[in-house]
Amino acid sequence: MKTLRQAKIGDTLKVVKLHGEGAVKRRIMDMGITRGVEVVVRKVAPLGDPVEITVRGYELSIRKADADMIEVE
């Protein structure tokens, strides 16, 4: 299982599954990160938090704890 947190800059990945419960999972889905969508890793901060991605045509920064809940391939 590979998560978005483990991805490298420039990777284009497909979301396979979202882990997490309730409000956390709903917030990730509300940002446009759903199963089957492609994401591109744009930047990673020096300490790994946050991770900037492009999803559905817009740029989004997510915390590494949230990126760890997103399974990709």
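The structure this text deals with has already been given above.
### Observations regarding the overall build of the chain
Looking only at helices and strands, the chain has 2 helices and 6 strands in total. When the helices and strands of the chain are listed from N to C terminus, the series reads β-β-α-β-β-β-α-β. For 73 residues, the compact-globule estimate of 2.2 N^0.38 gives 11 Å, and the C-alpha radius of gyration of the chain, at 11 Å, lies within 12% of that figure. Taking the principal axes of the C-alpha coordinates as reference, the chain spans close to 30 × 25 × 20 Å. When each of the 73 residues of the chain is scored for burial, the buried share is 34%. Considering only contacts within the chain whose residues lie at least 6 apart along the sequence, 55% involve residues at least 24 apart. When the accessible surface of the chain is split by element, carbon and sulfur atoms take 51% of a total near 4,500 Å². Looking at charge distribution, the chain has the averaged site of its 14 positive side-chain charges lying 1 Å from that of its 11 negative ones.

### Structural notes on the pairing of strand S2 (residues 12-18)
Direction of pairing for S2 relative to strand S3 (residues 38-44): antiparallel, over a ladder of 3 bridges. Bridging across to S3, Leu13 finds its partner in Val39. Of the strand pairs in this sheet, S2 and strand S6 (residues 70-72) are connected by 3 bridges, and their pairing is antiparallel. When the bridges of S6 are listed, Leu18 appears paired with Ile70.

So, how was this worked out
- Numbering of residues starts from 1 in each chain and follows the order in which that chain's sequence is written.
- Confidence filtering applies because this is a predicted model: local features only for residues at pLDDT of at least 70, side-chain atom pairs given and counted only at 80 or more, and all residues used for totals across whole chains, interfaces and linings.
- Side-chain descriptors were evaluated using all non-hydrogen atoms of the structure, hydrogens and water having been removed beforehand.
- Helix numbers and strand numbers start at the N terminus; a helix is a DSSP run of H or I with at least 4 residues, a strand a run of E with at least 2.
- We compute the radius of gyration from the C-alpha atoms alone; for a globule the expected value is 2.2 Å times N to the 0.38, where N is the number of residues.
- Each residue gets one of three labels from its accessible area relative to the maximum for its type: buried under 20%, exposed over 50%, partly exposed in between, using a 1.4 Å probe on protein chains only.
- Contacts were defined at the residue level, with two residues in contact if any of their heavy atoms lie within 4.5 Å.
- Residue burial considers only the protein chains on display, and all accessible areas are found by Shrake-Rupley using a 1.4 Å probe.
- Note that His is not counted, nor are the chain ends; the positive residues are Lys and Arg, and the negative ones are Asp and Glu.
- Taken as the charge location is NZ of Lys, CZ of Arg, CG of Asp or CD of Glu.
- Any two strands are treated as partners once DSSP identifies two or more bridges connecting them.

Limitation: the analysis is restricted to geometry and does not speak to function.
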